[in-house]
Amino acid sequence: MNLEINTTKTYEHQNNSTARVTIHYGGTRSGKTYALLQWCIVQALTDKENITIVRKTIPSLKRTIMKDFRDIMIGLGIWDENSFNSTDRVYEFYNGSVIQFVSTDDAEKLRGLKSSILWLEEANEIDSESYFQLQIRTTKKVILSLNPTISPYHWIREIEGAQTHFTTYRDNPYLERTVVRAIEELKVTNPKQWKVYGLGEFTTNERAVFQFTQIEWVPDDADFVCWGFDIGYAQDPCALVAIYKKGDRDLYLIESLYEKGMVTDDIVKHLRSCVKGREEIWCDSSEPRLIEELYRAGFNAKPVVKGRDSINFGIQVMGNYNIHIPKSCSNLVNEFYSYQWSVDKHNHVTDKPEGGLDHLIDAARYGCMMRLSNKATAAGKYVISIR
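Residues numbered from 1 in each chain as written. Predicted model: local features only at pLDDT ≥ 70, side-chain atom pairs only at ≥ 80, totals over all residues. Heavy atoms only, no water.

Let's shift gears to the packing of helix 12 (residues 330-338) against helix 13 (residues 359-372). Helix 13 packs onto helix 12 with a crossing angle of 90° between their chain directions and a minimal axis gap of 8 Å. Taken as axis vectors, helix 12 and helix 13 run roughly perpendicular relative to one another. Listed contacts from helix 13 to Asn331, Leu332, Glu335 and Phe336 of helix 12 are His359, Leu360 and Ile361. Among the residues making up the contact of helix 12 with helix 13, the classes are represented as four nonpolar, two polar and one charged. (Axes fitted to C-alpha atoms, helices over the stretch in contact; angles between N-to-C directions. Helix = DSSP H or I, 4+ residues; strand = E, 2+ residues; numbered from the N terminus. Parallel < 35°, antiparallel > 145°, perpendicular 65-115°, else oblique. Contact = heavy atoms within 4.5 Å. Nonpolar A, V, L, I, M, F, W, Y, C, P; charged D, E, K, R; others polar.)

Here you go:
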């Protein structure tokens, strides 16, 4: 079978890669996703391969990469509707090769997947545990593709031995001139977006929920407010944050704990090393038994009150402050970089944050809601009219 494929530089990068893991950073319309799909299809046609393509959610799979896959196959004249199982999202080629489209929503399914080639599209949306479970079950190539909006402490930046490539819209010769002009207009209209989507350079996330500043350490004259504690165990870490405030505008957050697999004795031991006296610890209210155990151990542990839309309420409270985080708090910095507003099926930004990598943020939110909201700061204050 002879196929003629028009592709971009990313195809060449991947085809020539000698590393097991290859990371492709690309600005908008760089053509990286389309080229990597073409590469996967060629591999499936050339040898018998079991290829897994991953995104965080099923809706994002369907509206992006699965649609492009079908379009490419039709364009090549090799699409067979009977070969595609839409329920399981699996396409089987005539030679026995398989391309399956998988989301990370189903943690148990990830542990059973076996692949010869693994591709994580928008890999910055995927947590390190899912990556670990997938890559240890992959025998040949591992591919990651994403926009360069991840934090300096993101797990992707810590992958050793990977080949890394950067592409921009200039590496896609098939773009319409009107699209090129629209991208280049960002130089003037939005220089920050231009860095990411035009130049393919690392910068902060445009959909980030919070803006924050990295500092060396909390100033000595900042006042301690409370602790925030998000409770985890096997899948999620226990996350403890110390909250400080200076004046009416500056909020300081310190990561104290970020660890999985902790039982009550482990938590108590850690709290004794950092909590002083009767300092308040505002805890995830979904674990009343643990909160009671901490209280009986001598800590001033309290359940957070979660009202309607408490997540956005907590975000609003925190957003009233200039947030400062020490550089040494790498997990907290990473979460703040990654925590972003979700998008709808039309790719419009919504007012709901994406969940997942938000354990320390949740902990901070608990404390801020209970101690720094208008209701909390007004508690105990009375207006008395005397006639």
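Picking up after the structure, the text goes on.
With that settled, the discussion passes to the pairing of strand 15 (residues 322-326). Counting buried positions along strand 15 gives four out of five residues, so the element sits mostly inside the fold. Inspection of the sheet shows strand 9 (residues 212-215) paired to strand 15 by four bridges, in the parallel sense. Within strand 15, the position partnered with isoleucine 215 by the bridge is proline 326. Pairing between strand 12 (residues 250-259) and strand 15: three bridges, direction parallel. Bridge pairing links tyrosine 252 to histidine 324 in strand 15. (Buried < 20%, exposed > 50% of the residue type's maximum accessible area, 1.4 Å probe, protein only. Pairing = 2+ DSSP bridges.)

On to the sheet that holds strand 9. Spatial ordering of the open sheet is given by 9-15-12-11-10-13-14, a layout of seven strands whose pairing is mixed. Each end of this open sheet is capped by a strand with a single partner; those strands are strand 9 and strand 14 (300-303). Pairs of neighbouring strands in the sheet enclose a mean axial angle of 30°, with direction left out of account. When strand 10 (residues 223-230) meets strand 11 (residues 238-246), the two strands line up antiparallel, connected through seven bridges. Considered in strand 11, the bridge of aspartate 223 is made with lysine 245. The strands that helix 9 (residues 264-274) touches are strand 10, strand 11, strand 12 and strand 13 (280-283); relative to strand 11, the one it contacts most, it runs at about 20°.

Such coordinate-based values are descriptive only and should not be taken to indicate function.
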